[in-house]
Amino acid sequence: MRTRPTLSWTSADAPLPRTSSLDELTGVVARGRVAVLSGAGLSTESGIPDYRGESGSLRRHTPMTYDEFVSSAEGRQRYWARSHLGWRTIARADPNDGHRAVTALRDGGYVRGVITQNVDGLHQAAGTTDAVELHGSLDRVVCLDCRRTSPRAELDRRLRAANPGFTGAATRINPDGDVELPADVVRGFRTVPCETCEGVLKPDVVFFGENVPRPRVEQCYRLVDDAEALLVLGSSLTVMSGLRFVRHAAKAGKPVVIVNRGETRGDRYAAVRVDRPLGPALTELVSRLGADRGRTA
Ligand SMILES: [Zn+2]
């Protein structure tokens, strides 16, 4: 269940101190068979802000919940009006050095698989085409009635046609493609139904309060089981949907290495905590391993 962050979580064990050194990280990854779990912090260098990182927006912005989306036509209107503008920023975003480094590590045989909490498609754009999108992708839309999925680009064309001249002034974009919009602008926005059955369209992403599909969760557990270590990249692990894989790895005695700006909810499980910007740190890691020169594992 992807639940809202709780502030009551406390750690029984004091986490290890954070470091800026890559020595231990390099040692763990050099042994190979690492699973990666990535979060919003990996995409901030692509211009997509983090909810909870240093410039986190969660305090100002309440993400759409599943209950509100399915039960309220007004909620859906607000979501689609904001997302109609926000998605263009996400669709235009390019992968950064961090995404490219993950692909180099995957191609080099160091990384067995990638689980991402991000819905921006940037791992795929960087060449890690088999990244498991834990929370889905903004690239797709699903009908809640007939379950047909369709490309977001197709919906974008229909929304543009239904809302000629809609250019609402977006003030801030959030990682789920949502932006802030004045209420009167939202009220003028026209949503469109499923082309097949006239049903309700939803982005194919897991909203807060919604379960990640079980087969996808099982696939991620298998990925962690097949790995010898778990590398967390740019996630504060605030939601249980990601934290559970950290707990799972730690319980199995596998080293958990966290590279993130600032503290995370998984710190107590970490064997190593690196506090460095992701892009430069991962580029250096790739260089140290020689994975930028190609390696066959
Ligand atoms: Zn439908």
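Quick caveat: nothing in here was measured; it's all calculated off a predicted structure.

Quick look at the overall build of the protein chain now. Per the secondary structure count, the protein chain includes 10 helices and 9 strands. Here the contacts in the protein chain between residues at least 6 apart in sequence split such that 75% fall between residues at least 24 apart. Split by element, the accessible area of the protein chain, about 13,200 Å² in all, is 47% carbon and sulfur.

UniProt's feature table lists "active site" (unreviewed entry) at His135, given in the numbering used throughout. Tracing the chain through its elements places His135 in the loop between strand E3 (132–133) and strand E4 (136–143). Residue classification places His135 among the buried positions, given a relative accessible area of 1%.

Moving on, we get to the pairing of strand E2 (residues 111–116). Within E2, 5 of the 6 residues are buried, leaving the element largely enclosed by the surrounding structure. Pairing geometry for strand E1 (residues 34–38) and E2, over 5 bridges, is parallel. By the bridge assignment, Ala35 is partnered in E2 with Gly113. Pairing of E2 with E3, which is carried by 2 bridges, proceeds in the parallel orientation. Considered in E3, the bridge of Thr116 is made with Glu133.

Once that is clear, we can look at the coordination of the zinc ion. Within the protein, the zinc ion binds to Cys143 (SG), Cys146 (SG), Cys194 (SG) and Cys197 (SG); these donor distances fall in the range 2.3 to 2.4 Å. With 4 donor atoms in place around the zinc ion and angles of 101 to 115 degrees between them, the coordination shape is tetrahedral. Sequence spacing of the donor residues for the zinc ion, all on one chain, is C-x2-C-x47-C-x2-C. By relative accessible area, Cys194 is classed as buried at 2%. Note on Cys197: relative accessible area 32%, which makes it partly exposed.

Formed by 29 residues in total, the largest nonpolar core has its most connected members in Leu25, Val29, Leu105, Leu231, Leu233 and Leu282. Residue assignment for this core shows that the elements contributing at least two residues are helix H1 (23–30), E1, helix H4 (97–107), E2, strand E7 (229–233), strand E8 (256–259), strand E9 (272–274) and helix H10 (278–289). Per-element accounting of this core gives the leading share, 6 residues, to H10. Once you skip the residues sitting within four places of it in the chain, Leu231 turns out to touch Leu25, Val29, Val34, Ala35, Val36, Leu37, Val257 and Val259. Membership of the second largest hydrophobic core comes to 27 residues, among which are Tyr79, Trp87, Leu122 and Ala162.

What follows concerns the sheet that holds strand E6 (residues 201–205). Strand order in this open sheet of 3 strands is E5-E4-E6, and the pairing throughout is antiparallel. Only two strands of the sheet have a single neighbouring strand rather than two, namely strand E5 (149–151) and E6. Recorded for the sheet is a direction-independent mean angle of 45 degrees between the axes of neighbouring strands. Here E4 pairs with E6 via 4 bridges, running antiparallel.

Next up on the list: unusual backbone geometry. For Arg33, which is not glycine, the phi dihedral falls at a positive 55 degrees. In this structure, Leu237 takes a positive phi of about 55 degrees despite not being glycine.

In spatial order, the strands read E3-E2-E1-E7-E8-E9; together these 6 strands make up an open sheet with parallel pairing. At either end of the open sheet lies a strand with only one pairing partner, and these are E3 and E9. Bridge count between E8 and E9: 3 bridges; the pairing is parallel. Each bridged residue has a counterpart across the sheet, and for Val257 the counterpart in E9 is Val272. Sheet strands touched by H4: E2 and E7. Its angle to E2, the strand with the most contacts, is close to 145 degrees. Along the sheet, helix H9 (residues 240–251) contacts E1, E7 and E8; its crossing angle with E7, the most-contacted strand, is approximately 150 degrees.

What counts and how
- Residues numbered from 1 in each chain as written.
- Predicted model: local features only at pLDDT ≥ 70, side-chain atom pairs only at ≥ 80, totals over all residues.
- Heavy atoms only, no water.
- Helix = DSSP H or I, 4+ residues; strand = E, 2+ residues; numbered from the N terminus.
- Contact = heavy atoms within 4.5 Å.
- Areas by Shrake-Rupley, 256 points an atom, 1.4 Å probe, with all protein chains shown as cover.
- UniProt positions renumbered as here; feature names shortened; annotations may be inferred.
- Buried < 20%, exposed > 50% of the residue type's maximum accessible area, 1.4 Å probe, protein only.
- Pairing = 2+ DSSP bridges.
- Donors = N, O, S within 2.8 Å, 3.2 Å for Na, K, Ca; no water.
- Tetrahedral: all angles 85-135°; square planar, octahedral: opposite > 155°, others 65-115°.
- Core = buried A, V, L, I, M, F, W, Y, C linked by side-chain atoms within 4.5 Å.
- Axes fitted to C-alpha atoms, helices over the stretch in contact; angles between N-to-C directions.

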